[in-house]
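Examining the three-dimensional arrangement
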Amino acid sequence: MSISNLIKKIRKRIWFKYRIACIKAFLRLSVGYIILHLFKREILKKKIWLVMERATEARDNGFSFFCYMRDMHPDIDTYYVIIKNSPDEKKLDRFKTNVIHYNTYKHIFYYLAAECSISTHERGVTSPYCFHGYTGYSCIESLSWFVPAKQTIVFLQHGIIQKYLNLIDKEKQPKHLTPHLFITTAPRERDFIETMGHWPKNTVVSTGLSRFDSLFNNMGKCKKQILVMPTWRKWLAANNTTAEATNIEQNKFMLSSYYKTFQHLLNSDGVANLLNIHNYQLIFYLHYELQSYINVFSCNNPKITIAGRNNFDVQSLLIESSILITDYSSVAFDFAYMRKPLIYYQFDQKEYNEKYHQGGYFKYDSDGFGPVVTQEKDLILQIEDILKNGDINKTYLKRINEFLPPLDNRNSERIYNAILQKTSEKKNRER
């Protein structure tokens, strides 16, 4: 068989599987719609707000906002969607009656009846199938008549956006899945997204991220701990990011500068000496999309931990750490919000900018909240300087204060008020 015929055969098989998936989704949603309107009409009378993150998680702005809603506004029927038996489901134990398992018929009923769809991912969409990869999302895009017309879609966001991404561009969103409310933090971020994304006025709002409330409430609870948390590289991600990478993927990953850089850092004598002298611990936490490679990294130093996502919570790590080392990750904004020192270790600037970086408003050298280094030796010098001097440099503190909004624990409250205003406006237009 020729290569061209083999490619045609593979494409045909993929297309066939995609069509089958769409048909199955259509049938399940159709059955759910009929059952809801014939036998479960009481659900339609509820004021339902559906909240979600990644289908497996309860640890980000969605979880934070859901807890706020249940504690402060129990009169609104707010539900959290998560995959059954997810490791994070135990966090929701005190709200068991308001937890819905992802892609079940109950999920279908409540999604079709929801007044608000609120999520940190998928542009605010909380529908069944939205985390079934490309096939699943395409199913929802193609089945537009199942998206409730009355529904207000709220994109809570996963972090502060620094550069142009397709998800910020309104013209690149499916019409029926376009957010009605786009949550941001910094005024510069809001203005950039509104302008570059062609959003109508008052769609992009600067409220602050919901999880910032917890950061504010837990400021000062630091340990002698350095957190190394780089972002991911799209070109290195495994095919299935929820499982361990295959041997072929691992071998390819181990040839990358990303692996070599951090593997060397974890086993560096310079780092080991600093940890011993100052009695510090170091936590190395890979981005969600690269956790498939966690077993590839190794280190015998008892003061260094290679952290897995099932056993460590990002929010807790940020709160309890005294120093952050990242590269381009937006977790730098969370750390800066708590006015703690950080370092940008951008060892692959050229490769990263060529393969991934798109134009943005935030420049690390002139706007960043810490020094930018490209070599391990310079990184170790910067860590040593912070360990000796303690407090964040005044130059970086000034940049943080100018960029971020004032510190408080009312971010969730502002999001709640923005949603109320948007749902009210939407109802008035529909009358």
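Refer to the structure printed above.
Below is a summary of the structure that appears in this document. (Residues numbered from 1 in each chain as written. Predicted model: local features only at pLDDT ≥ 70, side-chain atom pairs only at ≥ 80, totals over all residues. Heavy atoms only, no water.)

**A look at the overall build of the chain**
Applicable threshold: Going along the chain from the N terminus, every DSSP run of H or I of four or more residues is numbered as a helix, and every run of E of two or more is numbered as a strand. Radius of gyration means the value over C-alpha atoms here, while the globule rule gives 2.2 Å times the residue count to the 0.38 power. Remark: exposure states derive from per-residue accessible area (1.4 Å probe, protein chains only) relative to the maximum for the residue type, with buried under 20%, exposed over 50%, and partly exposed in between. The contact criterion used throughout is that any non-hydrogen atoms of two residues lie within 4.5 Å. To measure how exposed things are, a 1.4 Å probe is used in the Shrake-Rupley method; for residues, cover is taken only from the protein chains shown. His is not counted, nor are the chain ends; Lys and Arg add positive charge and Asp and Glu add negative charge. Taken as the charge location is NZ of Lys, CZ of Arg, CG of Asp or CD of Glu.
Helix and strand counts for the chain stand at 17 helices and 13 strands. For a compact globule of 431 residues, the expected C-alpha radius of gyration is about 22 Å, and the chain comes in at 23 Å, within 12% of that figure. Considered along the principal axes of its C-alpha atoms, the chain spans approximately 70 × 65 × 40 Å. With 431 residues in all, the chain has 56% of them scored as buried. Within the chain, contacts between residues separated by at least 24 positions form 74% of all contacts whose residues are at least 6 apart in sequence. Of the roughly 20500 Å² of accessible surface on the chain, a fraction of 53% belongs to carbon and sulfur atoms. Between the centroid of the 59 positive side chains of the chain and the centroid of its 42 negative side chains there is a distance of 7 Å.

**Focus on the packing of helix 10 (residues 269-278) against helix 15 (residues 376-389)**
Formally: Helix axes use the C-alpha atoms of the stretch in contact, all axes being lines fitted to C-alpha atoms, and the angles between their N-to-C directions lie in the range 0 to 180 degrees. Working rule for angles: under 35 degrees goes down as roughly parallel, over 145 as roughly antiparallel, 65 to 115 as roughly perpendicular, anything else as oblique. Amino acids outside the nonpolar list (Ala, Val, Leu, Ile, Met, Phe, Trp, Tyr, Cys, Pro) and the charged list (Asp, Glu, Lys, Arg) are all regarded as polar, and Gly is one of them.
At their nearest, the axes of helix 10 and helix 15 sit 10 Å apart, and the two run at 10° to each other. Classified by the angle between their axes, helix 10 and helix 15 sit roughly parallel to one another. Here Gly270, Val271, Leu274 and His278 of helix 10 come into contact with helix 15, specifically with Ile380, Ile383, Glu384 and Leu387. Here the residues of the contact of helix 10 with helix 15 sort into five nonpolar, two polar and one charged.

**As for the sheet that holds strand 11 (residues 323-326)**
As a reminder of what qualifies: Note on pairing: two strands pair once DSSP finds at least 2 bridges between them.
Across the sheet, which stays open at both edges, the six strands sit in the order 10-9-8-11-12-13 with parallel pairing between neighbours. This sheet does not close on itself; its edge strands, each paired only once, are strand 10 (304-307) and strand 13 (372-373). In the sheet, strand 9 (residues 281-285) pairs with strand 10 via four bridges, with the strands oriented parallel. Pairing of Leu282 across the sheet is with Ile304, part of strand 10. In the packing of helix 15 onto the sheet, the strands contacted are strand 8 (225-228), strand 11, strand 12 (342-345) and strand 13, and the crossing angle to strand 12 comes to about 180°.

**Focus on the sheet that holds strand 1 (residues 48-52)**
In a beta sheet, neighbouring strands pair by backbone hydrogen bonds and run either parallel or antiparallel. With parallel pairing, seven strands are arranged side by side in an open sheet as 3-2-1-4-5-6-7. Each edge of the open sheet is held by one strand with a lone partner, namely strand 3 (99-101) and strand 7 (204-206). Strand-to-strand twist of the sheet, defined as the mean angle between neighbouring strand axes without regard to direction, takes the value 25°. As paired elements, strand 1 and strand 4 (residues 116-119) share four bridges and run parallel to each other. Among the inter-strand pairings, Trp49 is bridged to a residue of strand 4, identified as Cys116.

**A short note on the packing of aromatic side chains**
Definition in use: In this scheme Phe, Tyr and Trp rings, the latter by its six-membered ring, pair at centre separations within 6.5 Å, and the angle between planes marks the pair as stacked below 30 degrees, edge-to-face above 60, and tilted otherwise.
With the rule as written, the count across this model stands at 34 aromatic pairs. Measuring from centroid to centroid gives 5.1 Å for Phe192 and Tyr361, while their planes differ by 50°, and the two rings are tilted. Within this pair, whereas Phe192 is found in helix 6 (residues 187-196), its partner Tyr361 is found in the loop between helix 13 (349-355) and helix 14 (364-367), the two being separated by 169 residues in sequence. Accessibility expressed as a relative area gives 13% for Tyr361, which makes it buried.

**Brief notes about helix 10**
Selection rule: To obtain the arc, one takes the directions from the helix axis to the C-beta atoms.
Within helix 10, burial applies to Val271, Ala272, Leu274 and Leu275. One side of helix 10 carries all its buried residues, which in axial view fall inside an arc of 165°. Turned more than 90 degrees from where helix 10 packs its buried face, Asp269 and Ile277 sit exposed. Elements that come into contact with the buried residues of helix 10 comprise strand 8, helix 9 (257-266), strand 9, strand 10 and helix 15.

**Overview of the pairing of strand 12**
On a regular strand, one side chain projects to one face of the sheet and the next to the other, so that they alternate. Side chains of strand 12 alternate between two faces, with Leu342 and Tyr344 and Ile343 and Tyr345 buried alike. The pairing of strand 11 with strand 12 spans three bridges and is parallel. Across the sheet, residue Ile325 finds its bridge partner in strand 12, namely Ile343. Inspection of the sheet shows strand 12 paired to strand 13 by two bridges, in the parallel sense. In the sheet register, Tyr345 faces strand 13, and the bridge partner there is Val373.

**Some thoughts on the side chain of Gln263**
Formally: Identification of polar contacts relies on pairs of N or O atoms within 3.5 Å, with a donor-acceptor requirement for protein atoms, meaning one able to donate a hydrogen and the other able to accept it, and with residues adjacent in sequence counted only if both atoms are side-chain atoms.
Turning to its location among the elements, Gln263 is positioned in helix 9. Owing to a relative accessible area of 14%, Gln263 belongs among the buried residues under this scheme. A distance of 3.0 Å separates the side chain of Gln263 from the side chain of Ser298, its partner in a polar contact.

**Quick look at the pattern of salt bridges**
Applicable threshold: When a carboxyl oxygen of Asp or Glu is within 4 Å of a side-chain nitrogen of Lys or Arg, the pair counts as a salt bridge.
Scanning the entire structure with this criterion turns up 20 salt bridges. A salt bridge links Asp60 to Arg211; the shortest N-O distance between them is 2.5 Å. Of the two residues, Asp60 sits in the loop between strand 1 and helix 3 (61-72) while Arg211 sits in the loop between strand 7 and helix 7 (212-217), which places them 151 residues apart along the sequence. The exposure classification of Asp60 matches that of Arg211, with both residues buried. The residue Asp71 makes a salt bridge to Arg94 at a minimum N-O spacing of 3.2 Å. A residue pair is termed long-range when its members are at least 10 positions apart, and Asp71 in helix 3 and Arg94 in the loop between strand 2 (77-82) and strand 3 qualify at 23 residues. Three or more residues joined by partner-sharing salt bridges are found here, namely Arg59, Asp88, Lys91 and Asp313.

**Looking at the environment of Pro87**
In this structure, Pro87 sits in the loop between strand 2 and strand 3. Residue class for Pro87 comes out partly exposed when judged on its relative accessible area of 38%. C-alpha separation for the pair Pro87 and Tyr259, spaced 172 residues apart in sequence, amounts to 27 Å.

These figures capture arrangement, not role.
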